[in-house]
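Descriptive analysis of the structure
Read off the chains here:
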Amino acid sequence: MTKTSFMSQLNKINETIKTIQNKSKLAEKNIKIIAVSKRQSVEKIKEALKQKHFCFGENRIQEAYEKWPLLKETYPNIELHLIGPLQTNKVKQALSLFDVIETLDRVNLAEKLKKEMEETNIQIPCYVQINTGDEPQKSGVLTGEAHDFISFCIHDLLLPIEGVMCIPPQDDDPSIHFAYLRKVAKAHNLEKISMGMSNDYEKAVFFGATHIRIGTSLFGERSL
Ligand SMILES: *Cc1c(COP(=O)(O)O)cnc(C)c1O
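Parameters and conventions
- Residues numbered from 1 in each chain as written.
- Predicted model: local features only at pLDDT ≥ 70, side-chain atom pairs only at ≥ 80, totals over all residues.
- Heavy atoms only, no water.
- Buried < 20%, exposed > 50% of the residue type's maximum accessible area, 1.4 Å probe, protein only.
- Helix = DSSP H or I, 4+ residues; strand = E, 2+ residues; numbered from the N terminus.
- Salt bridge = Lys/Arg side-chain N within 4 Å of Asp/Glu carboxyl O.

1. A look at unusual backbone geometry
A positive phi angle, close to 55 degrees, is found at Arg39, a residue other than glycine. Overall, the relative accessible area of 39% leaves Arg39 in the partly exposed class. The phi dihedral of Asp134 falls on the positive side, at around 45 degrees, and the residue is not glycine. With respect to the element layout, Asp134 can be found in the loop between β5 (126-131) and β6 (141-142). According to the relative accessible area criterion, Asp134 is partly exposed, its value standing at 35%.

2. As for the pattern of salt bridges
Going through the model one piece at a time under the given rule, you end up with 14 salt bridges. Its salt-bridge partner being Asp105, residue Arg106 comes within 2.9 Å of it at the nearest N-O pair. With relative accessibility at 29%, the residue Arg106 sits in the partly exposed group. Residue Asp105 is classed as buried on the basis of its relative accessible area, which comes to 13%. One salt bridge connects Glu118 with Lys114, and the closest N-O pair in it is separated by 3.4 Å. Taken together, the residues span about one helical turn, with Glu118 and Lys114 both in helix α5 (residues 107-120) at a distance of four residues. Residue Glu118 is classed as exposed on the basis of its relative accessible area of 55%. Connected through salt bridges with shared partners, the residues Glu58, Glu63 and Lys67 form a single ionic network.

This is how it looks when you write it as C-alpha cells:
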C-alpha cells in the first residue's frame, strides 16, 4: 500500500457518494465513512491518520486494544466505532476504548451497559443493531422485537441511543434492508443510520445511510 492509495480510494468513494446524493431524495447530505481497520496493520492505519482520516471501526475488543490505545493518545480526534459483537464481560473495556458502540442488540447487554456507564461515568453513543433478515446465526435484535427493544433502551434505561445499524443477508438485495432500517430510525427519531460496506455502500447511501463502514475498498484485503 502506497502513501496515497488510502486517500485515492477515499476520494473515489466520496465521488461516488456525491453522484448518489444528486440522484436520491433519501440520501443524507453528511455521510461519515467509517474506515474498518479490523485485521489491518497499524502501519496502514497510520497512513490513514496522516491523511487526516480519523473515523475507524474495529470488530474485536482484544485486537482493538492491541492497536488503538497508543494511537488514540497520539491523535485525540480519533473516533473509534465498535462494529462487532460485544460480550457483557467486555463492556467495561469497550467503554474505555471505543467512542461509539454500534452493536447493542439484547436486553442483558443493555442492562450491563447502563450499569457500567453509571459506575465508570463514561457515556458513549450506542446504536441498536438490527438483524434485518432475521437470520438465526447473525447478531442483532430480530425485526419483530426491534421497536420494543429500542423503546426499552431509550425510555426505561435512558441509554444514549443515537442510531441503528444492520448487516443485510449475503444473498438478498440489500435495498429492502436499508429502506427498513431507515424507517426504524425515523420511527424513533434516531439520527444515525449505519449501513453499507464495500460491496453495497452505494445502495446504503441511496437509502439514507449517515454512516457507511468500508474496509477492503479503503485498505485492501485484510491480512492479520
Ligand atoms: C468487516 C466489516 C465491515 C467492512 O467490510 P468490507 O467488506 O471490508 O468493507 C463493515 N461492517 C462490519 C460490521 C464488518 O464486520
